[in-house]
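One letter stands for each residue in the lines below.
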Amino acid sequence: MKKQNPLLEIKDLHVSVEDGIKILNGINLTIHPGEIHVIMGPNGSGKSTLANVLSGRPGYNIDSGEIIFKGQNIINQDPEIRARNGMFLAFQYPMELPGVRTWQFLKASVDAVRLHNKLPELKIKEFDKLLEEKKAIVEMDSELLKRSVNEGFSGGEKKRNEILQLCLLNPIFAMLDETDSGLDIDALQIVAKGVKDFHSNINSVMLVTHYQRILNHLSPNYIHVLIDGKIVKSGDKSLSLELESKGYEWIRETISKKS
Amino acid sequence: MANQKIISRKTKLENDQYKWGFELDIDSETAPKGINPDIIKFISKKKNEPEWMYEWRMKAYDHWIKKEDNEPSWANIKYPKINYQDIIYYAAPKSSDSAPKSLDEVDPELITAFNKLGIPLEEQKKLTGVAIDAVLDSVSVATTYKDMLKKAGVIFCSMSEAIQEHPDLIKKYLGSVVPYSDNFFATLNSAAFTDGSFVYVPPNVRCPIELMTYFRINQEGSGQFERTLIIADEGSYVSYLEGCTAPMRKTNQLHAAVVELVALKNAEIKYSTLQNWYPGNKDGEGGVYNFVTKRGICKGNNSKISWTQVETGSAITWKYPSVILQGDNSVGEFYSVALVNNFQQADTGTKMIHIGKNTKSTIIAKGISAGKAQNTYRGQVKVLPTAKNAKNFTQCDSLLIGDQCGAHTIPYIEVNNPTAQMGHEATTSKVNDDQLFYLQQRGISLEEANYMIINGFCRGIFKELPFEFAMEASQLLKVSLEGTVG
């Protein structure tokens, strides 16, 4: 792969929450355009925290380190600015927004990003056309667009809605936080199809997952194993297969042997 | 005002109450401050009212003066004592001396004022087919679409005109729902009301357009006491919209209106309000005291009255649009959004009085509190022994923004018939940080995110409003919420 400027560089990132509990203990990670990185690791290892901190979610203290996104340290940037600059997070638990119509929410989101990039808001017809095209990818029921955002949606419908947003916003960097959890095989295929459709040699993906199965549909460049807030091992796709068969204990053992 | 000439006279009230050396200059456009029999006479004279109307006013005045210390104190609102002798009870806008017959004759400045409110009168007239009766200070300045309504047989005019032209209807219905002795503010209104709107829809007529009134208080130091009466005769339907606004003033202004609705057999009245009186500044100075009595009666069987209100203005709101469900199978509805910010106080809700059989009422009240504001829902559902199979459903939702505001829910339920079915649901919530973050992560600013969530909270109410009004209501919320986040 040609070495371009990295899209995202995380340098020695230390993060804690209230009461000084440390969650991330010096993360170093570089993601180039077009790459797919997979973050795996046991429960509570800090995978979701990493995705949340990158997207600017309040409630975390960044003790030290840098997050360089598109050449700029974004540690103090508001979440909406990061989003408008092309950072996207597919939520593990997408929020319900009672009374906010899905269509209206999607349009507001697309327009906010467009305006930031000095593009005009989409006319209703233009937006509907775009929506029609993208919702076909994730096989989203049109009825859902008339309902309140995620309210009364099944688990699968919520995740599809996340991928629909991914396809609509077409960000430069997408984080998927356990989007594959709790999905049946059909839904998983649809989600994978959406991610594949979105992914190109310009934009990158960081996939947080517990399971190897979604990787059958995608071609990740790197697998990273996160344990106790640190990336303890990185490798290619074969690492995920090895993890699947041997479990995280195997990693823990190899680390302790080394040290 | 420049051409104001007032010769004041010290009246010995006890002796001279009904003897009128009328010495206020009838040509003056503004009454002197205060309320006394002279002022009542002045208002009545100014409006060329028949004797019976004047007597009705005086009956109310006598009642009010006897009970002057009966100002209600039970509501969850605090304000300094109002000096009722320091208020101007009649102020006509400059251009009202010869009442305009069409919009063209209305002072262009008034049109500009409406345009500033986002209510282009001209455009509304053309595009939406809304008939507008604009009450500025105290006098009705323009009623449009009269001809179309005339063809349908619908009467839509100012109260002053109705007193002249339709005395039989006024005599029969004025005070029939809210009697002059009803409460302190309604009594004051009965004595001193200056104008308002009148609607009569004849039997089996569906009013072809939405009727609309805009109220505005202009004059500093003046109160506004308008009176509205809507009668839907058998089998008829009417939808009526009311918008209110007042410019910014350092002093408090009193608004004490009375609205009466009468729905006869099989008739339906839909009454929507967008209340945006000046709420006072960030420190709680100024603003309108909105002490309003609104009540409807479902007089005939199968009749229906529906109140929808979006209340974002006023320093203090005290108002309980109610329905008396007298006819069998009659239906009463109350949909409300009350938003308070800074130092605003609202004590608002409804009363549903079930008298007839199979009567049904629905109450959906959404309260939003921000800043240091206090919001109280107060509702009464009363089922009389005659009201067999009465049904009520009440839902009160409160949303809090920040940690210095308050939300209170005070429902009174009184059931005197064992066949009644009552349902009451209440929730209190805060705007959830996770919801805000979700929206922000999609590129939406924090302020916009807040607005979207609050707008969503109110959606059930907004959908009860006619389309243009719903858009305006949504816009109002946005303006009222400015500066509540961040």
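Residues numbered from 1 in each chain as written. Chains lettered and ligands numbered in written order. Predicted model: local features only at pLDDT ≥ 70, side-chain atom pairs only at ≥ 80, totals over all residues.

Asks: Explain the nonpolar core to me, please; I cannot follow it from the model alone.
Replies: Within soluble globular proteins, side chains that are nonpolar generally end up buried alongside one another. Among the nonpolar cores identified, the biggest contains 194 residues, and Phe88(A), Val199(B) and Ala232(B) are the most heavily contacted of them. Here this core gathers at least three residues from each of two domains, domain 1 (96-431) and domain 2 (432-486) of chain B. Excluding its chain neighbours within four sequence positions, the residues that come into contact with Ala232(B) are Val201(B), Tyr237(B), Val238(B), Val262(B), Ala263(B), Leu264(B), Ala267(B), Glu268(B) and Ile269(B). (Core = buried A, V, L, I, M, F, W, Y, C linked by C-beta atoms within 7 Å. Buried ≥ 20, exposed ≤ 12 C-beta atoms within 10 Å, placed from the backbone. Domains from an automatic or database assignment. Contact = placed C-beta atoms within 7 Å.)

Asks: Quick question: what am I supposed to make of the interface of chain B and chain A here?
Replies: When the parts of a complex come together, some accessible area is lost, and that lost area is often used as the size of the interface. In this complex, chain B contributes 16 residues to the contact, which on the side of chain A involves 21 residues. Put simply, the parts of the chain that give the side of chain B that touches chain A at least two residues each are helix 10 (433-440) and helix 11 (446-457) of chain B. The biggest single contributor to the side of chain B that touches chain A is helix 10 of chain B, with six residues. When the residues that make up the side of chain B that touches chain A are grouped by side-chain class, the tally is six nonpolar, six polar and four charged. (Helix = DSSP H or I, 4+ residues; strand = E, 2+ residues; numbered from the N terminus. Nonpolar A, V, L, I, M, F, W, Y, C, P; charged D, E, K, R; others polar.)

Asks: Could you clarify how one ought to interpret the sheet that holds strand 3 (residues 36-40) of chain A in this entry?
Replies: Sheets are built from strands paired through backbone hydrogen bonds, the pairs being either parallel or antiparallel. All names here are of chain A. Strands sit in the order 6-9-10-3-11-12 across an open sheet of six strands; the sheet is mixed. Looking at the sheet topology across the chains shown, the edges are occupied by strand 6 (87-90) and strand 12 (230-235). Between one strand and the next, the sheet's axes are offset by a mean angle of 20°, whatever the strand orientation. Examined bridge by bridge, strand 11 (residues 222-227) and strand 12 share five bridges and lie antiparallel to one another. In the sheet register, Val 225 faces strand 12, and the bridge partner there is Lys 233. Here helix 8 (residues 237-246) sits on the sheet in contact with strand 3, strand 11 and strand 12, set at roughly 45° to strand 11. (Pairing = 2+ DSSP bridges. Axes fitted to C-alpha atoms, helices over the stretch in contact; angles between N-to-C directions.)

Asks: Looking at this model, I keep getting lost on the sheet that holds strand 1 (residues 8-16) of chain A. Mind explaining?
Replies: All names here are of chain A. The four strands lie next to each other as 2-1-4-5, forming an open sheet whose pairing is antiparallel. The sheet terminates laterally at strand 2 (22-31) and strand 5 (72-73), the two strands that pair on one side only. One ladder, built from seven bridges, connects strand 1 with strand 2; its direction is antiparallel. Note on strand 2: the bridge partner recorded for Ile 10 is Leu 29. Docked against the sheet, helix 1 (residues 47-55) engages strand 1, strand 2 and strand 4 (61-69), running at close to 70° with respect to strand 2.

Asks: Whenever I open this one, the pairing of strand 10 (residues 204-208) of chain A confuses me. Can you help?
Replies: Within a regular beta strand, the side chains point alternately toward one face of the sheet and then the other, so they alternate between its two faces. All names here are of chain A. Most of strand 10 sits inside the fold, with five of its five residues counted as buried. Relative to strand 10, strand 3 runs parallel, the two sharing four bridges. Paired with Ile 39 across the two strands is Val 208, which belongs to strand 10. As paired elements, strand 9 (residues 173-177) and strand 10 share five bridges and run parallel to each other. Following the sheet pairing, Met 175 is matched in strand 10 by Met 206. The parallel pair strand 9 and strand 10, bridged by helix 7 (residues 185-198), forms a crossover whose chirality is right-handed. (Right-handed = clockwise from strand over helix to strand, strands pointing away.)

Asks: Would you take a moment to explain the environment of Asp141(A) for this structure?
Replies: Tracing the backbone shows Asp141(A) in the loop between helix 4 (124-137) and helix 5 (142-146). Expressed as a C-alpha distance, the spacing of Asp141(A) and Tyr222(A), which sit 81 residues apart in the sequence, is 34 Å.

Asks: Any chance you could explain the environment of Lys237(A) here in plain terms?
Replies: Residue and element names in this part refer to chain A. The topology assignment puts Lys 237 in helix 8. A residue is classified by how many C-beta atoms lie within 10 Å of it, and Lys 237, with 18 of them, is partly exposed. It is 6.2 Å that separates the C-alpha atoms of Lys 237 and Ile 223, two residues lying 14 residues apart in sequence.

Asks: Sorry if this is basic, but what is going on with unusual backbone geometry here?
Replies: Excluding glycine, residues mostly have negative phi values, and the peptide bonds linking residues are mostly trans. Residues and elements named next belong to chain B. Within the chain, Asn 48 stands out as a residue other than glycine whose phi angle is a positive 55°. With 11 C-beta atoms counted inside 10 Å, the residue Asn 48 sits in the exposed group. Its identity is not glycine, yet Asn 204 carries a phi of approximately 60°, on the positive side. Note on placement: Asn 204 falls in the loop between strand 4 (197-201) and strand 5 (211-216).

Asks: What exactly am I supposed to notice about the domain arrangement of chain B here?
Replies: Residue and element names in this part refer to chain B. Once the domains are mapped, chain B shows domain 1 (96-431) and domain 2 (432-486). Domain 1 puts 26 residues into the contact, and the matching count from domain 2 is 23 residues. It is strand 15 (residues 331-340) that provides the largest number of residues to the side of domain 1 that touches domain 2, a total of four residues. Broken down by class, the residue content of the side of domain 1 that touches domain 2 amounts to 12 nonpolar, 11 polar and three charged.

Asks: Would you explain the pairing of strand 14 (residues 322-325) of chain B in this entry?
Replies: Residues and elements named next belong to chain B. Along strand 14, one buried face is formed by Ser 322 and Ile 324 and the opposite face, lined by Val 323 and Leu 325, is buried too. Where strand 11 (residues 287-298) and strand 14 come together, four bridges link them in parallel fashion. Of the residues in strand 14, the one forming a bridge with Gly 296 is Val 323. Looking at chain direction, strand 14 and strand 16 (residues 345-354) are connected through three bridges and run parallel. The partner of Ile 324 across the bridge, within strand 16, is Ile 353.

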